[in-house]
Amino acid sequence: MIPFLKETAQKLLDSPRKLEDLVVVLPNRRAGLFFTRYLGELIDNPVWMPEVKTIEQVFYGLAGKAPADELTLIFELYELYRQIQEEPEDFDRFYFWGELILKDFNDLDQFMAPAKVLYQDLAEIKEFESDLSFLTEEQKDLISQFWLAFEKQNDQEKQKFLRFWQILGRLYEDFQHRLKTAGLAYSGQLYRQVAENLKAIGKPKKHYVFIGFNAFTLTEEKLIGHFVKEFGAEIFWDVDQYYLKDPIQEAGLFFRDYQKDSIFGKTFPEEIPDEVRLKKDDIHVHSIPLKTNQANLVGKLLEELPSDEKLEETVIILPDEQLLFPVLHSLPSDIDKLNVTMGYPVRNAPVYAFLDAVLDLQRYVKIREGVVNFYHKPVTDLLSFPYLLKEDQAHFQALLEKIKGENLLEIPASQLVGESKLSELVFQQVDPSGVFEYLGQLMEHLAQDLQDDEVQRSYLFQAFKQLNRIKEIFQGNNSKTLKIDFVLKLFRQIFRELKLPFEGEPLQGLQMMGVLESRNLDFRRVIICDLNEGSFPPGGGINSMIPFNLRRAFGLPVQEQNDAIYAYTFYRLLHRAEEVHLIYTTAADQGKAGEMSRFLQQMQAEMGVAGPEISMVPVGLTPAKEIQVQKTPEVLNDMKIFLAKEHPVSKNRPLSASALNMYLDCRLKFYFRYVAGLKEREEVVTEIDPSTFGTILHNAVETIYGLDESKTPRKIDSHEIDRLMPQATEAVDQAIRNFYQVEEGKSMEYSGQLQIAREIFIKYLEAILKYDQENGEFTILGVEADVPASIPVQTKDGVVNFALQGVIDRVDLKDGVVRLIDYKTGKDDKKVLSIESLFDRDEKKRNKAAMQTLLYAYFYQFEHPENQKPLKPGIFNIREIYNPKFNPFLQMNGQEIQDYKAVEEEFREGLSGMLGEILDPEVPFSQTEDEEKCKFCPFKEICGR
C-alpha cells in the first residue's frame, strides 16, 4: 500500500522543480505532518523542504490578518443591533441567535452571495408569511379553532417580528464597516476580501501545489482557480472512478462539477484510479447489539494483528467521541504505542460537572430576612461530588442526613460552610459580574487539591484558560449586564466544544481519530465504529436563519453538500486499504431500531459487499436464582424485637398494618425492610406525590379536629362546623409548614405546584367538614391516635405476645357507635370478599385497606377492653367525597359491617395465624411469585426482578 500523500510526494520529487521552490497547500495541518514525514522517507540527501501550509493559512496570509474570536465578534454585532433595533433584547437573549447570524454572515462571504439581495428576499418572504389579509373571515374562524396563537396576533407584534428580518441586511453591511474600523474580521470576511481582489495578488515567487482537496467554498474555488490559470499552480486530486462516474453517487458530487470546469478539468489525471469497486472481498461488515460493545469487538480485531505489521498502519475511526474511553480500555495489552487524534470533551469530566453544579447553585439563591439561602437540589448535587466531602466529610454527611431527614427545601449558607476552604468558596452569593472571578478561585483551589491527578488537572487547565479568555472579553465590554442564567448557558455552550488534547507521537503507534481528522490519510487496515445512520453520516440539518430554498437559490451549502463531504471522507478511506472492518449497532435509540448507514447499504447494492456478520456478545441468560432467607437462630433472635415482652420497651419494634400487608405481599420484602433493617433512599420531597398529599391532608384534618392537651372528647355539631369552616385555609397552611418544617414566624413561599395543591387541600378539607355537617352531630374521641397493642401467638416454643401498633386517623362516637375512620387519598375499595381473603396472599383482590381498618378496630378494643359499644370501621376515600352516594363504611356480602365484634373472632384467628407464620422457623422469607408486585419494589434489583 502506497498512501496518496506519499505517492504525491514522490511525484513532486520526480518533477524538475526544486522542493525549496514549492508551496504545498493541504486541507489541514495533520495532512501536512504526514506529507512531510513521507517526503523525509523518500529523499536520500539533505535538501531544503518546501513550505507546507493549510488553505486557511494561505488566505489569512494574503489578507494580512487573522480572524477575531467568536465572542468578541458577537459583542460587536450586538452593539450594532442595539443601534439599529428600536426595542433591542438584552445581550443574554441576543447571544444565542447572534451566533446563528454570525454563522450565516460567514457562509454568505465564503460563498460570495449578495447579502443585501438575499436579506431583502428573506424579509419579503417573512412579510408574505405573516400577511393574513387574503383570508376571509370564515377561513380565519376555521383556522383559529385549531391554532390558538392565531387569535393572539396583533399588528404591534407582527411589526416587531418583521422589523427583525428587515434589519438583517443593514446589520450585515454596517457590521463590515464596524469591523474594518476596529481592525477586526471574521473568517468568511477575510476569504471574501481575498477572492474579490485576486487581481491585486502579485505572481508568487514559489510554485503552488494544492493537494487532496474535495469540496471548495466559492472563495477557495476562485483563489485556487486563479492560481492555476494565472500562475500555473498544480492540483493533485485523490479520487476514484466508483463515485466519480456514477451521477447519483453523492461522494463524487463536487468532483463531477470540477471535472467539467474549464480550469479545474485540465488538472484531473488522464487515468482515474478504480480501486474502491475491487474492495468487495476486503470489506467486512459487523453487526453488534449494543453500542458500547463495539469496543470489545475492536479489541478482538486488534488481537489478530500480525506481529510483524507496524501499528501505525491501522486506524480506528470513531464518529462518536463517547466511544473513545471504552475503546481505550479494550485495547490488547501488547499495544504499547498509541496516537489519539481527537480531544476528549471537557464536559465529560467530573470537574466540569462540579463547576456546572456550582453555577446551578447560584441560580436558586434566595435572600430571606438578610440571610442567604440555597435551594436543596443543587446543594445535594454538589455534596455528591468527592471534592467537598473529602475536605470535611463528617460535616457534609451529617448535613446531607439533616436535609433529607427534615425535608429541608432551603439551607442557610451558614449551615453549609464547614471547616473546609472549598465550602467557603462555593457557598456564597455571587453577583453575575463577579462569577468569572468566583469560578477562577474555585479552579485554582481544586488544582491544588488535585496535585496527584494529572488528568483532572489537565481538564482544569483547559477550562481555566478558556475562562480567562471569556473574562477578558467581558471586561472589555463592561457595558453588558449579565444574568446568572446567561452565564450558565454561556459556560455550557463554550465548554461543550472544549476538548482535552491527547499528547503523543502522531506518526507512531495505533492511530485513533475522528471522521474529519482522517482526511488525506491512508492506512492498510481501517476499522470504523458506529457506522449507523445518524452517526456516520451525522443526522440533523444545517443550523441557519436562512431557509433552505434561499440557501440553495443563492449557492449556500445545504444538507446535500454536507452529506457529500462525509460520503467522500468515507469512501476515500477505502481507496488504498487492504482490510476494512465496518461496525454498526442494532440497539434501539429513542424508540427507533438501530439502522446501518446508507454507505453500507450502497456498497451492498452496488458492490455486492457481503451482509453483516452478527457479532454476539456473550450474555448470561441463566435466570436469576430464587432467593430465600432461612430463619436461622441468628435471624430468629433478631425477630424477638417484634415481641411485646422479650425486650425493654425502648428496644421494642411493634409492627404496623403496612408491615403486615407487606409480609402478605412478599415475605422477602418484609425481611429486607423489617428484619434486616434496609431502608429506601431518602430524598427531599418537592413534588406533591400521593404519599406527600396524604401526609399533608391527614395533618390538616388533625389540626381542624384535634383535641386539646386534656384529650377530652369534643362534640362536633352543625354550629361548630360553621365555626371551623373558615379555619380550613389556616389548617392547611399549618399542615404544609409542618411537613416542610418551616419554623413559626418564618414566611412560606408556595411554588406553582404547591399553590395548586394547597387549593385542592382546602377544597377537600371543606368537603370533609360539609359531609360531616350533613350527616349529623358526633363526638371526636381521638385524631391521629397512636395505639399500641399485642396479640397472643402460638409458636413451637409456646405462646408469645406479638407487638403491634398503629395510628388511627379518626375515632368518633355517633348514635352510640364508635366509628374508626381511615382517610385515604387513593382508590381503595370498601368491599370485603371475606375475612379469610384478607390474609390470603394468593387472592388477587385482597383488600389491604380493609385489613388495615379492621386491625385498627382490634387496636381500639385492645386499648379499651371495657368497651361494649359497636365498632364500625370505615375508609374515607377523599376522591369520592363529592359523590352523592358516598358511603365510607366497609361492606361484606352486600351489607355494611355494623360491628367489628361480629367478625372479631375470625379476624383474630387469621391475624394470629399470619403472625405465627412470621415466627415459624420452617417458613423461610421467600420471594413473591407475582412479579407484578415487584415493579415498584425498592429491593427489586437485589432480587434481579
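The present account deals with the structure reproduced in this document. (Residues numbered from 1 in each chain as written. Predicted model: local features only at pLDDT ≥ 70, side-chain atom pairs only at ≥ 80, totals over all residues. Heavy atoms only, no water.)

## Considerations on the overall build of the protein
Broken down by element type, the protein carries 37 helices and 26 strands. The C-alpha atoms of the protein give 38 Å as radius of gyration, which overshoots the globular expectation for 945 residues (30 Å, by more than 25%). Overall, the C-alpha framework of the protein stretches about 120 × 70 × 65 Å when taken along its three principal axes. Considering the protein as a whole, with its 945 residues, one finds that 50% of them fall into the buried category. A separation threshold of at least 6 residues defines the contact pool for the protein, and within that pool the share at least 24 residues apart is 77%. Surface exposure of the protein reaches about 47,500 Å², of which carbon and sulfur atoms provide 48%. For the protein, the distance from the average site of its 111 positive side-chain charges to the average site of its 152 negative ones is 2 Å. (Helix = DSSP H or I, 4+ residues; strand = E, 2+ residues; numbered from the N terminus. Rg over C-alpha atoms; globule rule 2.2 N^0.38 Å. Buried < 20%, exposed > 50% of the residue type's maximum accessible area, 1.4 Å probe, protein only. Contact = heavy atoms within 4.5 Å. Areas by Shrake-Rupley, 256 points an atom, 1.4 Å probe, with all protein chains shown as cover. Lys, Arg positive; Asp, Glu negative; His and termini not counted. Charge placed at Lys NZ, Arg CZ, Asp CG, Glu CD.)

## Quick look at the pattern of salt bridges
Evaluated as defined, the whole model comprises 53 salt bridges. Shared partners join several salt bridges into a network, and the residues in it are Glu7, Asp238, Asp522, Arg572 and Arg576. (Salt bridge = Lys/Arg side-chain N within 4 Å of Asp/Glu carboxyl O.)

## Topic: the pairing of strand 9 (residues 365–368)
Every regular strand shows the same layout, with side chains that alternate between the two sheet faces. One ladder, built from four bridges, connects strand 9 with strand 10 (residues 371–375); its direction is antiparallel. Across the sheet, Lys366 pairs through a bridge with Asn373, a residue of strand 10. Hairpin connection, strand 9 to strand 10: the antiparallel pair is bridged by two residues, and Glu369 has positive phi, about 55°. (Pairing = 2+ DSSP bridges.)

## Some points on a negative patch on the surface
A cluster of like negative charges, contributed by Glu626, Glu836, Asp840, Asp842, Glu905, Glu906, Glu909 and Glu929, occupies part of the molecular surface. With respect to the helices and strands, Glu906 occurs in helix 36 (residues 904–919). (Patch = residues over 30% accessible without salt bridge, like charges linked within 9 Å, V, L, I, M, F, W, Y side chains within 5 Å.)

## Quick look at unusual backbone geometry
Of note, the amide linkage connecting Phe536 to Pro537 takes the cis form, showing an omega dihedral of 5°. Residue placement: Pro537 occurs in the loop between strand 14 (525–528) and helix 25 (548–553). Not every positive phi belongs to a glycine, and Met112 is a case in point at roughly 55°. If you trace the backbone, Met112 turns up in the loop between helix 5 (91–110) and helix 6 (115–130). Backbone geometry at Glu784 places phi at a positive 55°, although glycine is not the residue there. Within the secondary structure, Glu784 sits in strand 19 (residues 778–795). By relative accessible area, which is 22% here, Glu784 ends up partly exposed.

## Digging into the sheet that holds strand 22 (residues 831–832)
To summarise the sheet geometry, strands pair through backbone hydrogen bonds and adopt either a parallel or an antiparallel arrangement. The sheet built from three strands is open, its strands ordered 22-24-25 with mixed pairing. Each edge of the sheet is formed by a strand with only one pairing partner; in this case those strands are strand 22 and strand 25 (895–896). Across two bridges, the pairing between strand 22 and strand 24 (residues 891–892) is parallel. Pairing of Lys831 across the sheet is with Gln891, part of strand 24.

## Some remarks on the side chain of Thr219
With respect to the secondary-structure elements, Thr219 resides in helix 11 (residues 218–231). Its relative accessible area of 0% is what places Thr219 among the buried residues. Those residues in contact with Thr219, other than ones at most four positions away along the chain, are Phe59, Asp109, Gln110, Met112, Tyr191, Arg192 and Ala195.

## Concerning the packing of helix 29 (residues 657–665) against helix 36
The interhelical angle for the contact between helix 29 and helix 36, taken along N-to-C directions, is 70°, at an axis separation of 11 Å. Considered as vectors, helix 29 and helix 36 are oriented roughly perpendicular to each other. Read as a crossing pair, helix 29 and helix 36 show a hand that is left-handed. Together, Leu660, Tyr663 and Leu664 of helix 29 and Leu911, Met914, Leu915, Glu917 and Ile918 of helix 36 make up the contact between the two elements. (Axes fitted to C-alpha atoms, helices over the stretch in contact; angles between N-to-C directions. Parallel < 35°, antiparallel > 145°, perpendicular 65-115°, else oblique. Left-handed = near helix turned anticlockwise from the far one by under 90°.)

## Some remarks on the nonpolar core
Looking at soluble globular proteins, one finds that nonpolar side chains tend to be buried together. Formed by 96 residues in total, the largest nonpolar core has its most connected members in Phe105, Tyr119, Phe354, Val426, Phe427 and Phe474. When residues in this core are grouped by element, the largest group, nine residues, is from helix 4 (residues 70–84). Phe231, Val285, Ile317 and Ile528 belong to the second-largest nonpolar core, a separate cluster that totals 83 residues. (Core = buried A, V, L, I, M, F, W, Y, C linked by side-chain atoms within 4.5 Å.)

## Side note on the sheet that holds strand 14
Sheet architecture is open: seven strands sit in the order 7-13-6-14-15-5-16, paired in parallel fashion. Pairing within the sheet leaves two strands with one partner each, and these edge strands are strand 7 (338–341) and strand 16 (613–614). Inspection of the sheet shows strand 14 paired to strand 15 (residues 579–585) by four bridges, in the parallel sense. Bridged to Ile528 within strand 15 is Leu582. Contacting strand 5 (283–288), strand 6 (314–317), strand 13 (510–513), strand 14 and strand 15, helix 14 (residues 294–303) runs over the sheet at an angle of about 165° to strand 15.

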